[in-house]
Amino acid sequence: MTQLTYDVSLRIPADGAYLSILRTATAGLAARLDFTLDDIEDLRIAVDEACALLLPQATLGSELACGFVVEPDCLTVEVTASSPEPREPSRDGFAWTVLTALASEVDARTDSGAVTLTLTRRRESLSP
Amino acid sequence: MTEQPTVSSTRSVGDQRAETRDRTLALFAALAEHPEESPQRENIRNQLVQLHLPLVDHLARRFRNRGEPLDDLVQVGSIGLIKSVDRFDPERQVEFSTYATPTIVGEIKRHFRDKGWAIRVPRRLQELRLSLSTATADLTQELGRAPTVAEIAERIGVNQDDVLEGLESANAYSTLSLDAPEAGETEGPSMADALGTDDDALEGVEYRESLKPLLAQLEPREKRILLLRFFKGMTQSQIAADVGISQMHVSRVLARTLTQLREGLGTPP
């Protein structure tokens, strides 16, 4: 997978207490794209779930690198945690099921010392 | 819990802060030198906690007059402080107090949530929430889909940032019991009805063994909403119509239920 070019980047401490910042940023960007409330709330929960998957393996005291790619009908959020032993989350697990229900596309990859989750949500068509 | 000792006129607050900071650094350095489980370590940890109790006190006071005794708030805040002492990495170029504050506040807020007390939301936001809720319901009806933030903003005559802020507060400060119908809404049809068939949807998922008892503990409505969203692929608006509650309520139930499951599975929230 090629490295995405982020339109917006955000670094937060790898600590659950900071996730609200990421949720708010995600909701703000999604609103700019005219996402519906359903889309926005789903994304908010998805980002939470993605971080809940990453945080347990994040290096203590490290940061989560969050990147957003903003396209006309599509928002991609990528969260990378540095980890001593990065491992991809199980794709058979409940958390993955939740993520795939909330995002249009979900992907995970590991690099040396880092694990990344990518969520893409395409905007619902505005006609009913 | 008493007030921080009054600073004598010869020492400025700044001096005292610098002193606390230096002592904190020295104690964390000492902590790193002792192996886990050693009695000295316990002692140093206690000193670190003692040293920062005024911070807990200060933060707890910000949540005073919200229906919970200050002592209780200080107590749960102290749990956050202890967690912060255990997790803090002095290598990081951040002051301990900066690091500890969100964790302490988090514990205090969690306490309010668990106790079901309402954190006082500014009146302006309360009113905004109300009009958001109405506008969302009306627009969903009219458009046949969930509205966008821009559409809601136009309908209630505020800007988009206000709408986002209102949504945020609706999520952060929800204190409704998960099973309580929203004001003015009547209880939907029995939730237990379709549960047997919904359980089949879980069959394909190789979820951890521990998940099953946790799901069994959920209130029938929470479980139903969870299954409809994640296994039946219904949208939040569709679920809202199906269950007979608002979309915002569905969103809150989903977020809370997932947090509950995560906590039950031992993953930090």
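Residues numbered from 1 in each chain as written. Chains lettered and ligands numbered in written order. Predicted model: local features only at pLDDT ≥ 70, side-chain atom pairs only at ≥ 80, totals over all residues.

## Things to note about the overall build of chain A
- In terms of helices and strands, chain A carries three helices and five strands.
- Listed N to C, the secondary structure of chain A is β-α-α-β-β-α-β-β in terms of helices and strands.
- The proportion of buried residues among the 128 residues of chain A is 45%. (Helix = DSSP H or I, 4+ residues; strand = E, 2+ residues; numbered from the N terminus. Buried ≥ 20, exposed ≤ 12 C-beta atoms within 10 Å, placed from the backbone.)

## Description of unusual backbone geometry
- One non-glycine residue, D34(A), lies in positive phi territory at about 65°.
- Residue D34(A) is classed as partly exposed on the basis of its C-beta count, with 16 C-beta atoms lying within 10 Å.

## Quick look at the confidence of the model for chain B
Residues and elements named next belong to chain B.
- Across chain B, the average pLDDT comes to 74, with 72% of residues at or above 70.
- Of all helices and strands in chain B, the one with the weakest mean pLDDT is helix 8 (residues 195-200) (42), whereas helix 6 (residues 149-156) scores best (93).
- Scored below 50 in pLDDT, residues 172-208 makes 46 contacts in the model with residues more than four places away or belonging to other chains.
- Two numbers describe this predicted complex: its pTM, 0.55, and its ipTM, 0.73. (pLDDT = per-residue confidence, 0-100. Contact = placed C-beta atoms within 7 Å.)

## Notes on the environment of P13(A)
Residue and element names in this part refer to chain A.
- Within the secondary structure layout, P13 lies in strand 1 (residues 8-13).
- P13 gets classed as partly exposed once you count the C-beta atoms within 10 Å, which come to 19.
- Sequence-wise, P13 and L60 are 47 residues apart; in three dimensions their C-alpha atoms are separated by 9.5 Å.
- When sequence neighbours within four positions are dropped, the list of residues in contact with P13 reads Y18 and E63.

## What to know about the interface of chain A and chain B
- Contact with chain A, which involves 30 residues of that partner, is made by 40 residues of chain B.
- Among the elements of the structure, helix 1 (19-32), helix 2 (37-54) and helix 3 (94-102) of chain A are those that each provide at least two residues to the side of chain A that touches chain B.
- Here the side of chain A that touches chain B takes eight residues from helix 2 of chain A, the largest share from any one element.
- Taken together, the residues that form the side of chain A that touches chain B break down as 15 nonpolar, seven polar and eight charged. (Nonpolar A, V, L, I, M, F, W, Y, C, P; charged D, E, K, R; others polar.)

## Quick look at the packing of helix 1 of chain A against helix 2 of chain A
All names here are of chain A.
- For the pair helix 1 and helix 2, interaxial distance at closest approach is 9 Å and the crossing angle is 150°. By the angle class used here, helix 1 and helix 2 are roughly antiparallel. Both helix 1 and helix 2 take part in a crossing whose hand is right-handed. Between helix 1 and helix 2, the contacting residues are L19, L22, R23, T26, A27, A30 and A31 on the first element and D39, I40, L43, R44, V47, D48 and C51 on the second.
- Grouping the amino acids of the contact of helix 1 with helix 2 by side-chain chemistry returns nine nonpolar, one polar and four charged. (Axes fitted to C-alpha atoms, helices over the stretch in contact; angles between N-to-C directions. Parallel < 35°, antiparallel > 145°, perpendicular 65-115°, else oblique. Left-handed = near helix turned anticlockwise from the far one by under 90°.)

## Quick notes on the packing of helix 10 (residues 220-230) of chain B against helix 11 (residues 236-243) of chain B
All names here are of chain B.
- Following both chains from N to C, one finds helix 10 and helix 11 inclined at 140°, their axes separated by 10 Å at the closest point. The angle between the axes of helix 10 and helix 11 places the two elements in the oblique class. Seen along the crossing, helix 10 lies across helix 11 with a hand that is right-handed. Contacts between helix 10 and helix 11 involve R221, R224, I225, L228 and R229 from the former and I239, D242 and V243 from the latter.
- Split into classes, the residues belonging to the contact of helix 10 with helix 11 amount to four nonpolar, no polar and four charged.

## Things to note about the nonpolar core
- Core analysis: the biggest nonpolar cluster contains 63 residues, and A46(A), A50(A), C51(A), L54(A), V79(A) and L99(A) have the highest contact counts within it.
- The element contributing the most residues to this core is helix 2 of chain A, with eleven residues.
- The contact partners of L99(A), leaving out residues within four places of it in the chain, are A46(A), E49(A), A50(A), V106(A) and L119(A).
- I44(B), L59(B), F88(B) and F112(B) belong to the second-largest nonpolar core, a separate cluster that totals 18 residues. (Core = buried A, V, L, I, M, F, W, Y, C linked by C-beta atoms within 7 Å.)

## A closer look at the sheet that holds strand 4 (residues 105-111) of chain A
Residue and element names in this part refer to chain A.
- The five strands lie next to each other as 1-2-3-5-4, forming an open sheet whose pairing is antiparallel. What marks the edges here is a single partner per strand, and that holds for strand 1 and strand 4. Each strand of the sheet is rotated relative to its neighbour by a mean of 15°, with strand direction disregarded.
- The sheet contact formed by strand 1 and strand 2 (residues 63-71) spans six bridges and is antiparallel. The residue of strand 2 that forms the bridge with L10 is C66. (Pairing = 2+ DSSP bridges.)

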